[in-house]
Amino acid sequence: MTRLFDDPRPPALLALADGSVFRGVGIGSAGSACGEVVFNTALTGYQEILTDPSYCRQIVTLTYPQIGNVGTNEEDSEAPRVFAAGLVVRELSRCVSSFRAQRSLDEFLKGSAVVGIAGIDTRRLTRLLRDKGSQAGAIVTGTDERAAVQMARSFPGMAGLDLAKVVSANQAYEWRQTSWQLGRGFGTVAEPRWHVVAYDFGIKRNILRLLAQRGCRITVVPARTTAAEVIRMRPDGVFLSNGPGDPEPCTYAIAATRELIGRGLPTFGICLGHQIMGLAAGGRTLKMKFGHHGANHPVLELESGRVLITSQNHGFAVDPTSLPGNCKITHVSLFDSSLQGFRLIDRPAFCFQGHPEASPGPHDVGALFDRFVHLMQGTPLTEIRA
């Protein structure tokens, strides 16, 4: 790394568990952070990425070279706080240019007590993670390489970690806010037609907004909420949200999902919710080599033959060979043929691995929310067309 002579930022290190060390400059808060290092290929949406609870215990490397040029604002956060353990960028923009900007990214990181590093070769880091797989890592302000590597090796990894209960809300709450519009801000659903109970395994705000936009009143419930509690709320449908960590330890969620689907409640799961539905159906999940993190992932919708460009953020996947006969595969990744979606042929339930809420990312898969509404109306899945 070449450091400008007048750069006032402190030296910093990114160390990986394999002993690799990257030297750069500290951004955000001074100190240290450790977690699983992953790379995200999205060109925009760094604030949404940082505040996505699915990145809990992960250090996010952004492959786009210059980050921070539009600053940050109060409206674009997907959760009340930053959940990413740390941030790695090639270059942090010194200039902020957006009529919506309220703070720079550096100020946002400092205010959130998030440690970051800039000035490293993110292309080299991404190739390393792609070839060797996601690794434990640590960002450390300073120059002590040995201590940084030791800290990286102290991280236990994501396998076996139940993080859904860590990031979930502590109590249930109602949500009626709809999507943001230029000059108007956020709206409110006036006369909701449907009541949806949404499990918070790490839910993002734009998911809730898109449901509200379609006439839903949403009751968001903690991850450990039982099926009996949900049934007492008399919902028209159940939503299983995204979230971080390994799905297999979430036995409480798997049991609740199995019972709710068995009772015939229309159910829609995404990301971690997709994986929990797979486990509830009798399938298995597996840890991926480096996962899918980005906003440019092509997915094939098998029933229509269409290719959809999607937003992705997951390090675990459902093993398609483990699914029972009542599960029909609906979507597959065109990057690695991994399972992206399935539906049950004997129950009103379906799921998708990616993030159809498009925050950040494309809107190609937004029609899945419409499918969920049609399902609550009583339309069989076989008759629903996006």
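About the cut-offs
- Residues numbered from 1 in each chain as written.
- Predicted model: local features only at pLDDT ≥ 70, side-chain atom pairs only at ≥ 80, totals over all residues.
- Heavy atoms only, no water.
- Helix = DSSP H or I, 4+ residues; strand = E, 2+ residues; numbered from the N terminus.
- Rg over C-alpha atoms; globule rule 2.2 N^0.38 Å.
- Buried < 20%, exposed > 50% of the residue type's maximum accessible area, 1.4 Å probe, protein only.
- Contact = heavy atoms within 4.5 Å.
- Areas by Shrake-Rupley, 256 points an atom, 1.4 Å probe, with all protein chains shown as cover.
- Patch = residues over 30% accessible without salt bridge, like charges linked within 9 Å, V, L, I, M, F, W, Y side chains within 5 Å.
- Salt bridge = Lys/Arg side-chain N within 4 Å of Asp/Glu carboxyl O.
- Lys, Arg positive; Asp, Glu negative; His and termini not counted.
- Polar contact = N/O pair within 3.5 Å; in protein donor to acceptor, adjacent residues only side chain to side chain.
- Phe/Tyr/Trp six-rings, centres within 6.5 Å; stacked < 30°, edge-to-face > 60°.
- Lys NZ or Arg CZ within 6 Å of the ring centre and 35° of its normal.
- 1 Å grid on protein atoms, 1.4 Å probe; cavity = no way out; pocket = protein on both sides within 12 Å on 5 of 7 lines; lining within 4 Å.
- Points joined across faces, edges and corners; volume = space filled by probe spheres on them.
- Nonpolar A, V, L, I, M, F, W, Y, C, P; charged D, E, K, R; others polar.
- Pairing = 2+ DSSP bridges.
- Axes fitted to C-alpha atoms, helices over the stretch in contact; angles between N-to-C directions.

Draft legend 1. The arrangement of the overall build of the protein in detail. Looking only at helices and strands, the protein features ten helices and 21 strands. In terms of overall dimensions, the protein is globule-like: its C-alpha atoms have a radius of gyration of 21 Å, near the 21 Å expected for 386 residues. When the backbone C-alpha atoms are referred to their principal axes, the protein occupies close to 65 × 50 × 40 Å. By residue count, 58% of the 386 residues in the protein fall in the buried class. Sequence-distant contacts, at least 24 apart, represent 75% of the contacts inside the protein between residues at least 6 apart. Per element, the accessible surface of the protein, about 15,900 Å² overall, is 49% carbon and sulfur.

Draft legend 2. Region of interest: a nonpolar patch on the surface. A cluster of nonpolar residues, Phe-99, Trp-180 and Leu-182, forms a patch on the protein surface that exposes about 390 Å² of accessible area. Tracing the sequence through the fold places Phe-99 in the loop between β7 (91-92) and α2 (105-111).

Draft legend 3. Region of interest: the side chain of Glu-78. Residue position: Glu-78 is located in the loop between β5 (66-67) and β6 (86-88). It turns out Glu-78 is buried and unbridged, and the closest side chain with the opposite charge, Arg-209, is 4.4 Å from it. Of note is the side chain of Glu-78, whose polar atom sits 3.0 Å from the backbone nitrogen of Asn-206. Here the side chain of Glu-78 touches Ser-359 through a polar contact of 2.6 Å, side chain to side chain. When near neighbours in sequence (up to four residues on either side) are disregarded, Glu-78 contacts Glu-48, Thr-51, Ile-203, Lys-204, Arg-205, Asn-206, Arg-209 and Ser-359.

Draft legend 4. Structural detail: the packing of aromatic side chains. For the structure on display, the rule yields six aromatic pairs. Linked through ring pairs, Phe-239, Phe-268, Phe-350, Phe-369 and Phe-372 together constitute an aromatic cluster. A cation over an aromatic ring shows up here: Arg-81 above the ring of Phe-83, its NZ or CZ 4.0 Å from the ring centre. Over the ring of Phe-316 we find Lys-287; its NZ or CZ atom is 5.4 Å from the centre of that ring.

Draft legend 5. Just unusual backbone geometry, in detail. Along the chain, Ser-359 connects to Pro-360 via a cis peptide bond; the corresponding omega equals 5°. With respect to the helices and strands, the residue Pro-360 is situated in the loop between β21 (349-352) and α10 (367-376). The phi angle at Arg-57 is positive, at roughly 70°, despite the residue not being glycine. Within the element layout of this structure, Arg-57 appears in the loop between α1 (46-50) and β4 (58-62). Here Arg-57 falls in the partly exposed class, since its relative accessible area comes to 35%. One non-glycine residue with positive phi stands out, namely Ser-337, at about 65°. Its place among the elements puts Ser-337 in the loop between β19 (327-333) and β20 (339-344).

Draft legend 6. Looking closely at the pattern of salt bridges. According to the stated counting rule, one finds 19 salt bridges in the structure shown. The partner of Glu-259 in a salt bridge is Arg-263, and the shortest N-O contact between them spans 3.6 Å. The class of Glu-259 is partly exposed, set by a relative accessible area of 35%. For Lys-328, the salt bridge goes to Glu-303, with nearest N and O atoms at 3.8 Å. Here Lys-328 is found in strand β19, whereas its partner Glu-303 is found in the loop between β17 (285-301) and β18 (306-318), with 25 residues between them in sequence. Of the residues examined, Glu-303 reaches a relative accessible area of 43% and is grouped as partly exposed. Taken together, the shared-partner salt bridges connect Asp-52, Lys-204 and Glu-357 into one network.

Draft legend 7. Highlighting the layout of surface pockets. Of the voids in this model, the largest pocket is the one considered here, and its volume is about 730 Å³. Together, 35 residues line the largest pocket, and Glu-48, Asp-76, Arg-100, Ala-358 and Ser-359 are the ones closest to its centre. When residues of the lining of the largest pocket are traced back to their parent elements, those giving at least two are α1, β5, β11 (177-181) and α6 (205-213). Residues belonging to the lining of the largest pocket are distributed by class as follows: twelve nonpolar, 15 polar and eight charged.

Draft legend 8. View of empty space enclosed by the protein. The final tally for this structure, using the stated rule, is four cavities of 30 Å³ or more. Considered as a void within the structure, the largest cavity measures approximately 130 Å³ in volume. Of all the elements in the fold, those that place two or more residues in the lining of the largest cavity are α9 (272-280), β17 and β18. Residues of the lining of the largest cavity, tallied by class, amount to five nonpolar, nine polar and two charged.

Draft legend 9. Region of the structure containing the sheet that holds strand β2 (residues 21-28). Spatially, the seven strands close up into a barrel ordered β1-β2-β8-β6-β4-β3-β9, and their pairing is mixed. Within this sheet the neighbouring strands show an average axis-to-axis angle of 35°, counted without direction. As judged from the three bridges shared by β4 and β6, these two strands associate in the parallel manner. Within the sheet, the bridge partner assigned to Thr-61 lies in β6 and is Val-88.

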